[in-house]
Amino acid sequence: AQSVTQPDIHITVSEGASLELRCNYSYGATPYLFWYVQSPGQGLQLLLKYFSGDTLVQGIKGFEAEFKRSQSSFNLRKPSVHWSDAAEYFCAVGEENNDMRFGAGTRLTVKP
Amino acid sequence: ETGVTQSPTHLIKTRGQQVTLRCSSQSGHNTVSWYQQALGQGPQFIFQYYREEENGRGNFPPRFSGLQFPNYSSELNVNALELDDSALYLCASSQRTSGGETQYFGPGTRLLVL
């Protein structure tokens with residue numbers, strides 16, 4: 001069965017600094033990969049997804065992620081963090097036409 | 001906004017009671033999935049409905065049940081509530097395709113069981 005690991009529970013970065021959130025997955029075939037963001041008390045908003053093709057995917061709000069099959073990773077990056085990016089970030093892996101498995105999440109704090 | 005709506009937004013119940021949560025899917029979507037998100041954790045898959053039939057279920061007991069209606073809206077029912085059922089319940093809608101589907105989430109229903 002597929003699984004997702006987000007090694008960092010909590011990350012703090014200064015506003016304007018770069019960001020990388022790590023995600024590792026376990027899956028037998030090429031997975032469908034997602035990053036979602038959740039603000040306190042809110043639902044999940046899709047940032048970006050990877051199904052196939054170019055391994056570097058662009059998302060909303062200036063985020064990008066790179067699929068590396070050899071490392072079973074799908075790390076999320078942003079070159080310059082804004083205070084409004086403070087939230088919980090979830091990586092997820094999905095099978096075709098079935099459920100998604102989520103990581104435990106990484107909480108991002110942005111220092112002024 | 002995704003176009004996925006859930007009701008109610010908040011709910012307080014006592015142990016042993018039953019609860020029904022509702023979800024309206026995004027226009028054009030035929031699949032609804034339900035997730036439970038306990039405090040400080042990632043969402044856990046409960047089950048999925050496609051064309052009014054259950055199409056996959058996570059590790060949840062039978063007292064968690066659901067329905068999908070012809071307009072693709074959905075209900076999640078939980079019987080014999082337990083304290084550990086306190087969580088944010090998320091509904092996600094998607095359109096079944098051959099190349100992978102993207103799930104769009106509603107704002108959730110926060111359930112507190114006392």
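Note that the coordinates shown come from a computational prediction; the quantities given were computed from them, not determined experimentally. (Residues numbered from 1 in each chain as written. Chains lettered and ligands numbered in written order. Predicted model: local features only at pLDDT ≥ 70, side-chain atom pairs only at ≥ 80, totals over all residues. Heavy atoms only, no water.)

1. Things to note about the overall build of chain B
Secondary structure summary: chain B contains zero helices and 11 strands in total. Taken from N to C terminus, the helices and strands of chain B fall in the order β-β-β-β-β-β-β-β-β-β-β. With respect to the three principal axes, the spread of C-alpha positions in chain B is 40 × 30 × 25 Å. Counting the 114 residues in chain B, one finds 48% classified as buried. In chain B, of all internal contacts separated by at least 6 residues, the share reaching a separation of at least 24 is 54%. Carbon and sulfur atoms form 49% of the exposed surface of chain B, whose accessible area is close to 5,400 Å². Taken together, the 8 basic and 9 acidic charged side chains of chain B have centroids lying 4 Å from each other. (Helix = DSSP H or I, 4+ residues; strand = E, 2+ residues; numbered from the N terminus. Buried < 20%, exposed > 50% of the residue type's maximum accessible area, 1.4 Å probe, protein only. Contact = heavy atoms within 4.5 Å. Areas by Shrake-Rupley, 256 points an atom, 1.4 Å probe, with all protein chains shown as cover. Lys, Arg positive; Asp, Glu negative; His and termini not counted. Charge placed at Lys NZ, Arg CZ, Asp CG, Glu CD.)

2. Here's the deal with the interface of chain A and chain B
Facing 20 residues of chain A, the contacting portion of chain B comprises 25 residues. Summed over both sides, the interface of chain A with chain B buries roughly 1,600 Å², with 52% coming from carbon and sulfur. Elements with a contribution of two residues or more to the side of chain A that touches chain B: β5 (32-38), β6 (44-50) and β11 (100-102) of chain A. Looking at the side of chain A that touches chain B, the element that brings in the most residues is β5(A), giving four residues. A class-by-class count of the residues in the side of chain A that touches chain B yields 10 nonpolar, seven polar and three charged. (Buried area = accessible area lost by both parts, 1.4 Å probe. Nonpolar A, V, L, I, M, F, W, Y, C, P; charged D, E, K, R; others polar.)

3. Section: the pattern of salt bridges
All names here are of chain A. By the definition in use, this model includes eight salt bridges over all chains. For Asp8, the salt bridge is made with Arg22, and the minimal N-O distance between the two is 2.9 Å. With Asp8 in the loop between β1 (3-5) and β2 (10-14) and Arg22 in the loop between β3 (19-21) and β4 (24-26), the pair connects residues that are 14 residues apart, well separated along the chain. The buried category is assigned to Asp8, whose relative accessible area is 18%. (Salt bridge = Lys/Arg side-chain N within 4 Å of Asp/Glu carboxyl O.)

4. What about unusual backbone geometry?
Residues and elements named next belong to chain B. Here Ser7 and Pro8 are connected by a cis peptide whose omega angle stands at -10 degrees. In this structure, Pro8 sits in the loop between β1 (5-7) and β2 (10-13). Located in the positive-phi region is Arg51, a residue other than glycine, with phi close to 50 degrees. Taking the relative accessible area as the measure of exposure, Arg51 reaches 52% and is therefore exposed. In this structure, Ala80 is a non-glycine residue whose phi angle is positive, near 45 degrees. Tracing the chain through its elements places Ala80 in the loop between β8 (74-78) and β9 (87-94). A residue is classified by how much of its surface remains accessible, and Ala80, at 43% relative accessible area, is partly exposed.

5. Observations concerning the environment of Leu83(B)
Residue and element names in this part refer to chain B. Inspection of the secondary structure assignment puts Leu83 in the loop between β8 and β9. Through-space distance from the C-alpha of Leu83 to that of Thr14 is 8.2 Å; in sequence the pair is 69 residues apart. Contact partners of Leu83, with chain neighbours within four places excluded, come to Arg15, Val113 and Leu114.

6. With respect to the side chain of Asn30(B)
Residues and elements named next belong to chain B. If you trace the backbone, Asn30 turns up in the loop between β3 (19-24) and β4 (31-37). Of note is the side chain of Asn30, whose polar atom sits 2.9 Å from the side chain of Thr31. Filtering out sequence-adjacent residues up to four positions away, Asn30 remains in contact with Tyr49, Tyr50, Arg51, Gln68, Tyr72, Ser94, Gln95 and Arg96. (Polar contact = N/O pair within 3.5 Å; in protein donor to acceptor, adjacent residues only side chain to side chain.)

7. A closer look at the sheet that holds β8(B)
Residue and element names in this part refer to chain B. An order of β1-β3-β8-β7 is seen for the four strands of this open sheet, with the pairing classed as antiparallel. Both outer strands of the open sheet, β1 and β7 (64-68), are each paired with one neighbouring strand and no more. Within this sheet the neighbouring strands show an average axis-to-axis angle of 20 degrees, counted without direction. Examined bridge by bridge, β1 and β3 share three bridges and lie antiparallel to one another. (Pairing = 2+ DSSP bridges. Axes fitted to C-alpha atoms, helices over the stretch in contact; angles between N-to-C directions.)

8. What about the pairing of strand β8 (residues 64-68) of chain A?
Regular strands show a simple pattern: their side chains alternate between the two faces of the sheet. All names here are of chain A. Two elements, strand β7 (residues 56-58) and β8, share three bridges in a ladder whose sense is antiparallel. Bridge pairing links Val57 to Ala65 in β8. Linking two consecutive strands that pair antiparallel, namely β7 and β8, is a turn of five residues; a positive phi of about 60 degrees is found at Lys61 within it. Two strands pair when backbone bridges link them, and β8 and strand β9 (residues 73-78) are joined in this way by five bridges, in the antiparallel orientation. Among the inter-strand pairings, Lys68 is bridged to a residue of β9, identified as Ser73. Hairpin connection from β8 to β9: four residues lie between these consecutive antiparallel strands, with Ser72 at a positive phi of about 50 degrees.

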